[in-house]
Amino acid sequence: MEIKAQSLDEVLSGIILEVPFFQRPYVWKKENWEELFNDLFVTETSHFLGSIILKEQNNGSSKLKKYLIVDGQQRLTTLSILMKALYDCMKNERDNIFDSITRILFYKNKPSDSNYKIILNHSHNDNSQFKEVIGEVKDRKIVSSIGDLGSIDIEDDTQKLLIKKCYKYFYTKLSELYKEKSEVVVSFFNKLLNSSEMLAVIFLGENDSEQKIFDSINTSGIRLSATDTIKNSLYQKLIELSDSQESVIEYYNNTWEDTFERDDETIEYWCTEKVSGNLKLQNSELLLRYFAVIKKLYNPSNNKTSQLADIYKNYIADKNEDVIKSLIQEIIEYASIYKERFSKFDETTGYEFNDVERRLFGILSMNKIIVFTPYILFLLKIYNKDSSTLNDRFRDLEKLVVKSLILGAVQKDANKQVPEFISNADGHTVKKCYNEITAEMIRNALKTKVSVNTAKTLLFWIELYRKYKDDKYAKQPLHYNYQLEHIMPIKWEEHWSNVSYDGNPKHKCNDPILRQKRVEKITSLGNMTLLSAKLNIAISNDSFKNKIEGTSNKKGIKNYSSLSITTVDIIENVYSKGKEWNEAEITKREEKLADEIIEIWG
């Protein structure tokens, strides 16, 4: 790998560039062109336009180096169009700038050749449109077949004809400037061509893996997606194996493009990023990683995401056309399941206890757990016509997830467990794992240091379970938009020092040991509840009576809860009976909640 800071002339002269054949289309729009133009034209300072990544390709016996554009397609395409627009509008200088323009837009295989070829060879999506804009060299002139620009609407925000729209934007803007002050445009041309260190170019050797530098590149702000690398590997291999390039393009359009790139909404969905470990990965990358786990190509315990593209590439290296197409079809099937079933869950989502699938997905979403997704995808596919068995598997997995959450160890063994779960889809392995977490272990874990997220999840689903069991409650969905509140506050000293730990007025928490026990019991599940809004800090630290009733200018807990975990457990059973909220009451409630948790999740 080699990194160089170069001018536009240095980047483009004397090489051949290729956009991967099945790369997504050019997507920059007016706001991108305006930003680039203003940055280049208006400011007087030197211009740095970011980094591009080029990977060397085998170019046979030719002395010209050939590179695949791994990252930077949008900028290099736009800069090439900008240079062509400059040439076209600078009518009086065309002879003078001809050599400079042809050097960065065209190449010849040999100096003695008469035919010029365009340096930037675009993907199948944009190739014909780009060729129309850049044109061809004839008799020391660059001639385009772009035709009438009048029908092209720059303001149209769709993906259609974006390369031609880009050209029209620059040509119109530069032509107007050229009429007013031609010398300004000429000066701009010279500056654009020769500004040193405009681009940081990362050159990869032919045998270098672009994904091996993923982590370091990603931290420096360049977004290198494994999806495009994998996609191009799959379909480029099909082209090598097929007698007809056109048939592969048609197959691509009917499979990958239709699934991942059908329209702007679809592209946006698959490009949306989610946090996975210490990385942000697109939905499409996550899907391809999950699929690789299912196919046993990728082991989460041993492999890194940066290896994903090479894993796919190596797998298909010796495979025939039928095997590769079968692999693609499976990816498409899993992609459809992922997009359809893994909905976005947020505070607007309504939950009911008896909706098994939504319950599992909700618990995972509430706690940002994605490690089990390959197993869930696998279950959704193999039991797509057997909802009863599917729900059984979901309930088993939910038990493991909740029990692991309580113990604070969801991620600890999951990467090792998931491949085993997939290999043993009958559910016995999952049951074995959750049965290892005993009721005693759960009770002990709930006594202190229960995390906010875990407490919110447990209390929310206990409430729904109570409503599900008891007909006196309205069977309405609950939304996960509650605030967690500690009944005995974390900062208890000012208003709770006189509260005894067991109801005996003589047993105050003035002893260091008892003080420590109080501090521990405050983070017990028994001391927590859910409110529809966050209490004012002042009332949150106030006495038990004021916390429940509120004060003259601040609302209390009674105003913020209709949930039984508050109205019954705390107000009816303790406050309304004139009792103190102390360690003894916290322990009683903790044990009751533990009973319900064990009843629900075993």
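As shown above, the structure is provided for reference.
Residues numbered from 1 in each chain as written. Predicted model: local features only at pLDDT ≥ 70, side-chain atom pairs only at ≥ 80, totals over all residues. Heavy atoms only, no water.

(A) Region of interest: helix α17 (residues 387-407). Between its terminal C-alpha atoms α17 stretches 30 Å, which fits the 30 Å expected from 21 residues at 1.5 Å a residue. Once α17 ends, the next one or two residues include Gly408, with phi positive near 70 degrees. (Helix = DSSP H or I, 4+ residues; strand = E, 2+ residues; numbered from the N terminus. Expected span 1.5 Å × (residues − 1).)

(B) Just helix α15 (residues 356-366), in detail. Most of α15 is tucked away, with nine of its 11 residues classed as buried. Burial in α15 covers these residues: Val356, Glu357, Arg359, Leu360, Phe361, Gly362, Ile363, Leu364 and Met366. Where α15 is buried, its residues meet α14 (321-341), β13 (350-351), α16 (373-382), α17, α21 (452-469) and α27 (583-601). Looking one or two residues past α15, Lys368 carries a phi angle of roughly 55 degrees, positive in sign. (Buried < 20%, exposed > 50% of the residue type's maximum accessible area, 1.4 Å probe, protein only. Contact = heavy atoms within 4.5 Å.)

(C) Just the pattern of salt bridges, in detail. Evaluation of the coordinates by the stated rule reveals 37 salt bridges. The partner of Lys4 in a salt bridge is Glu2, and the shortest N-O contact between them spans 3.6 Å. Using a relative accessible area of 35% as the deciding quantity, one classes Lys4 as partly exposed. Given a relative accessible area of 41%, Glu2 falls into the partly exposed group. Taking the shortest distance from any N to any O, the salt bridge between Arg103 and Asp9 comes out at 3.0 Å. Note that Arg103 is positioned in helix α4 (residues 94-105) and Asp9 in helix α1 (residues 8-12), a separation of 94 residues in sequence. (Salt bridge = Lys/Arg side-chain N within 4 Å of Asp/Glu carboxyl O.)

(D) Molecular detail of the side chain of Ser7. Within the secondary structure layout, Ser7 lies in the loop between β1 (2-6) and α1. Apart from the residues within four sequence positions on either side, Ser7 is in contact with Leu193, Asn194, Ser195, Ser196, Glu197 and Met198.

(E) Layout of the nonpolar core. Residues Leu234, Tyr235, Phe372, Ile376 and Phe460 are the most contacted members of the largest nonpolar core, which totals 105 residues. Ranked by residue count, the leading element in this core is α14, at nine residues. Beyond its immediate stretch of four places on either side in the chain, Tyr235 contacts Phe22, Val248, Tyr251, Tyr252, Thr255, Trp256 and Ile328. Core analysis: the second largest hydrophobic core is formed by 66 residues, Tyr87, Phe106, Ile119 and Ile134 among them. (Core = buried A, V, L, I, M, F, W, Y, C linked by side-chain atoms within 4.5 Å.)

(F) Summary view of the packing of α21 against α27. Direction vectors running N to C along α21 and α27 enclose 70 degrees, while the axes themselves pass 10 Å from each other. If you check the angle between α21 and α27, you find them roughly perpendicular. Counted together, Leu458, Leu459, Trp461, Ile462, Tyr465, Arg466 and Lys469 of α21 and Arg589, Lys592, Leu593, Glu596, Ile597, Glu599, Ile600 and Trp601 of α27 form the full contact between these two elements. Grouping the constituent residues of the contact of α21 with α27 by class yields nine nonpolar, no polar and six charged. (Axes fitted to C-alpha atoms, helices over the stretch in contact; angles between N-to-C directions. Parallel < 35°, antiparallel > 145°, perpendicular 65-115°, else oblique. Nonpolar A, V, L, I, M, F, W, Y, C, P; charged D, E, K, R; others polar.)

(G) Structural detail: the side chain of Arg359. Considering the arrangement of structural elements, one finds Arg359 in helix α15. Setting aside residues no more than four positions away along its own chain, Arg359 makes contact with Phe353, Asn354, Arg395, Glu398 and Trp461.

(H) Broad picture of the state of the cysteines. Here the structure, examined in full by the defined rule, presents zero disulfides. In this structure Cys166 is a free cysteine whose sulfur lies 14 Å from that of Cys89, the closest cysteine sulfur available. We classify Cys166 as buried; its relative accessible area is 0%. (Disulfide = S-S within 2.5 Å.)

(I) Representation of the sheet that holds strand β10 (residues 199-204) in the model. In space, the six strands of this open sheet follow the order β1-β10-β3-β4-β2-β7, with mixed pairing throughout. Each edge of the sheet is formed by a strand with only one pairing partner; in this case those strands are β1 and β7 (120-121). In terms of strand pairing, strand β2 (residues 15-18) meets β7 through two bridges, oriented parallel. Directly across from Leu17, in β7, lies its bridge partner Leu120. (Pairing = 2+ DSSP bridges.)

(J) A look at the pairing of strand β4 (residues 65-71). Here β4 lies mainly inside the structure; six of its seven residues are buried. Judged from the four bridges that link them, β2 and β4 form a sheet pairing that is parallel. Among the inter-strand pairings, Ile15 is bridged to a residue of β4, identified as Lys65. Bridge count between strand β3 (residues 51-57) and β4: five bridges; the pairing is antiparallel. When the sheet's bridge partners are listed, Glu56 is paired in β4 with Tyr67.

(K) Representation of the packing of helix α9 (residues 226-241) against helix α10 (residues 245-260). The contact between α9 and α10 brings their axes to 9 Å, and the two run at 140 degrees. Here α9 runs over α10; the crossing is right-handed. Along the contact surface, α9 presents Thr227, Lys231, Leu234, Tyr235, Leu238 and Ile239, while α10 presents Gln245, Val248, Tyr251, Tyr252, Thr255 and Trp256. Its residues placed into classes, the contact of α9 with α10 shows eight nonpolar, three polar and one charged. (Left-handed = near helix turned anticlockwise from the far one by under 90°.)

(L) Up close: the packing of aromatic side chains. According to the stated counting rule, one finds 36 aromatic pairs in the structure shown. Aromatic side chains Phe37 and Phe188 sit 5.8 Å apart centroid to centroid with 65 degrees between the ring planes, which places their arrangement in the edge-to-face category. With Phe37 in helix α2 (residues 30-41) and Phe188 in helix α7 (residues 182-194), this pair connects stretches of sequence that are 151 residues apart. Comparing Phe37 with Phe188, the two get one shared label, buried. Geometrically, the ring pair formed by Phe353 and Tyr468 is tilted, given 5.3 Å between the ring centres and 35 degrees between the ring planes. Placement of Phe353 in the loop between β13 and α15 and of Tyr468 in helix α21 is noted, with a sequence separation of 115 residues between them. Accessibility expressed as a relative area gives 43% for Tyr468, which makes it partly exposed. We note Arg94 situated over the ring of Tyr87; from NZ or CZ to the ring centre the distance is 5.4 Å. The ring of Tyr269 carries the charged tip of Lys339 above its face, separated from the ring centre by 5.2 Å. (Phe/Tyr/Trp six-rings, centres within 6.5 Å; stacked < 30°, edge-to-face > 60°. Lys NZ or Arg CZ within 6 Å of the ring centre and 35° of its normal.)

(M) Layout of the pairing of strand β12 (residues 279-282). Direction of pairing for strand β11 (residues 273-276) relative to β12: antiparallel, over a ladder of four bridges. What sits directly across from Val275, in β12, is Lys280. Following β11, the chain reverses through two residues before pairing antiparallel with β12; Gly277 in that reversal takes a positive phi of roughly 65 degrees.

(N) Broad picture of the environment of Leu279. Topologically, Leu279 is positioned in strand β12. Remark: the alpha-carbon pair of Leu279 and Thr305, spanning 26 residues in sequence, is separated by 9.1 Å.

(O) Geometry of unusual backbone geometry. One non-glycine residue, Asp139, lies in positive phi territory at about 50 degrees. Unlike most non-glycine residues, Lys368 shows phi in positive territory, near 55 degrees. Summarising the element assignment, Lys368 is placed in the loop between α15 and α16.

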